[in-house]
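Structural description and commentary
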Amino acid sequence: NPANHTCDTVAGTLTPEWAARFGLPEGVLVGVGNIDAHSGAVGAGVGYKTVVLNLGTSACYMAVMPAEKMGERLIEGIFGQVDDSIVPGMVGFEAGLSAFGDVYAWFKRLLCYPLRDVLSQTELVDAPTRDRLVEETGDKLMDALTEAAAALPQRVDAPQATDWLNGRRSPFADSSLTGTLTGLNLSTSASEIYYAFAEATAFATKHILDHMRDNGVRIDRLIGVGGIAQKSPFVMQLLADTTGMRIDVSDCKQAGAMGAVVHAATIAGLYPSVTEAQQALCAPASRSYVPDVSRQAVLNERYTRYRAVGAFTERLKNNR
């Protein structure tokens, strides 16, 4: 019975050997193991109608639905749908992007390559100094690019990107797909290209959420966790504008660890269920990003173009 093996279930007790290593008493309860993004979703407060966006180098979007509301329906094209996989008693859904922050990191490496290459050819600085200079310059460059990208006027015909630099995870996984960049001319700036790729990750998020919603998953609230949620107001505002939903950022910087705490507290009998442990332990939002409705008309047009470019890319790949 799968319900006997959820993460609020005792798997056994700490062995004498490990109790001695940890300096803990023998007999400490050990729960069933968990997956990082699943635990982060629980630690952020995932629940019926609340989707958690784990935003880091990649992205995992976690949702749950009561089993009786899903029936026998299976959602095609997402990364996983498993009974009791996130919250016991619920059907868990996982989707996401195989590259999220990695897309921004790639662009940073691309722009910093000449600096790294030039410094590697000189004997003026040693390798550690070179690496430090490249990293510091790259950070300042990305800060300046982000500020410039956030200030760009909206244009339907601005450069357009797709985000599949590491393939597509969902909807409908295809690791052979590659990213694209269109609409360039001699006046295109670096900030416009950066915006196009950031926008593409936001459009991919909208596509995933719309796909889950179209297949019966109720989505009333979004909670963001992970490095991007904590560090990039520009990306978070773009996500809110693109999805048309407010995004609350959890005040917990270690949501995965908090998920383990929630399960441990339930196993220890401090709370009767994971849901009640979440209500007592999960941190409130530290800040929220509200959609700017004045931007949504242009974003909707650009989203249509994003989907069209993506469909064309798939056709090209299939015709090779």
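Keep in mind that what you see is a predicted model, and the values were worked out from it rather than measured.

**Quick notes on the pattern of salt bridges**
Scanning all chains against the criterion turns up 17 salt bridges. Here Lys206 makes a salt bridge to Asp210, at a shortest N to O gap of 3.1 Å. You can see Lys206 and its partner Asp210 sitting in helix 6 (residues 190-214), four residues apart, about one turn around the helix. Residues Asp220 and Arg218 are paired through a salt bridge, measuring 3.0 Å at the closest nitrogen-oxygen approach. By sharing partners, the salt bridges in this structure join Lys108, Glu135 and Asp139 into a single network.

**Some points on unusual backbone geometry**
Note the cis peptide between Ser170 and Pro171, where omega equals -5 degrees. Of note, Pro171 is situated in the loop between strand 7 (160-162) and strand 8 (180-182).

**Focus: helix 4 (residues 101-120)**
Three- or four-residue spacings in an α-helix give side chains the same orientation, since the helix completes a turn every 3.6 residues. Here helix 4 contains 20 residues, and its C-alpha end-to-end distance of 26 Å stays within 8% of the 28 Å for a straight helix at 1.5 Å per residue. The largest bend in helix 4 is about 45 degrees, located at Cys112, with the proline Pro114 one to four residues further on. Considered for burial, the residues of helix 4 that qualify are Gly101, Val103, Tyr104, Phe107, Lys108, Cys112 and Leu119. Buried-residue contacts for helix 4 involve helix 5 (127-150), helix 6, helix 7 (227-231) and helix 8 (233-243).

**As for the packing of aromatic side chains**
Per the counting criterion, the structure on display carries eleven aromatic pairs. Both rings, one in Phe100 and one in Tyr104, keep their centres 5.9 Å apart while their planes meet at 70 degrees; by these two values the pair is edge-to-face. We classify Tyr104 as buried; its relative accessible area is 8%. When the centroid spacing of 6.0 Å and the interplanar angle of 40 degrees are considered together, the rings of Trp106 and Phe107 count as tilted. Using a relative accessible area of 29% as the deciding quantity, one classes Trp106 as partly exposed. Each member of the aromatic cluster is reached from another via a ring pair, and the members are Phe100, Tyr104, Trp106, Phe107, Tyr194, Tyr195, Phe197 and Phe234. The ring of Phe79 is capped by Arg169, whose NZ or CZ atom sits 4.0 Å from the centre of that ring.

**Overview of the sheet that holds strand 4 (residues 59-66)**
Taking strand neighbours across the sheet as the criterion, the seven strands line up as 5-6-4-3-9-10-11 in an open arrangement whose pairing is mixed. The open sheet has two free edges, formed respectively by strand 5 (80-83) and strand 11 (285-289), since each of these has just one partner strand. Strand after strand, the sheet turns through a mean of 25 degrees between neighbouring axes, direction not considered. For strand 4 and strand 6 (residues 90-97), the ladder comprises eight bridges, and the chain directions are antiparallel. When the sheet's bridge partners are listed, Met62 is paired in strand 6 with Glu94.

**Overview of the environment of Arg307**
Within the secondary structure, Arg307 is located in helix 11 (residues 296-318). In this structure the C-alpha to C-alpha distance between Arg307 and Pro114, which are 193 residues apart in sequence, comes to 33 Å.

**Focus: the nonpolar core**
Membership of the largest hydrophobic core comes to 56 residues, with the highest contact counts inside it found for Leu55, Phe93 and Phe100. Considering every element that reaches this core, the biggest residue donor is helix 6, with 13 residues. Once residues lying within four places of it in the same chain are set aside, the contact partners of Leu55 are Tyr61, Phe100, Val225, Gly226, Gly227, Ile228, Ala229, Met236 and Leu239. Ala44, Val52, Cys60 and Ile223 belong to the second-largest nonpolar core, a separate cluster that totals 21 residues.

**Some words on the packing of helix 4 against helix 5**
Look at helix 4 against helix 5: their axes get within 9 Å of each other, and the N-to-C directions meet at 140 degrees. Classified by the angle between their axes, helix 4 and helix 5 sit oblique to one another. The hand of the helix 4/helix 5 crossing is right-handed. Two secondary-structure elements touch here, helix 4 through Tyr104, Phe107, Lys108, Leu111, Cys112, Leu115, Arg116, Leu119 and Ser120 and helix 5 through Arg130, Leu133, Val134, Glu135, Thr137, Gly138, Asp139, Leu141, Met142 and Leu145. Here the residues of the contact of helix 4 with helix 5 sort into eleven nonpolar, three polar and five charged.

What counts, and where the lines are drawn
Residues numbered from 1 in each chain as written. Predicted model: local features only at pLDDT ≥ 70, side-chain atom pairs only at ≥ 80, totals over all residues. Heavy atoms only, no water. Salt bridge = Lys/Arg side-chain N within 4 Å of Asp/Glu carboxyl O. Helix = DSSP H or I, 4+ residues; strand = E, 2+ residues; numbered from the N terminus. Expected span 1.5 Å × (residues − 1). Bend = angle between axes of the 7 residues up to and from the residue. Buried < 20%, exposed > 50% of the residue type's maximum accessible area, 1.4 Å probe, protein only. Contact = heavy atoms within 4.5 Å. Phe/Tyr/Trp six-rings, centres within 6.5 Å; stacked < 30°, edge-to-face > 60°. Lys NZ or Arg CZ within 6 Å of the ring centre and 35° of its normal. Pairing = 2+ DSSP bridges. Axes fitted to C-alpha atoms, helices over the stretch in contact; angles between N-to-C directions. Core = buried A, V, L, I, M, F, W, Y, C linked by side-chain atoms within 4.5 Å. Parallel < 35°, antiparallel > 145°, perpendicular 65-115°, else oblique. Left-handed = near helix turned anticlockwise from the far one by under 90°. Nonpolar A, V, L, I, M, F, W, Y, C, P; charged D, E, K, R; others polar.

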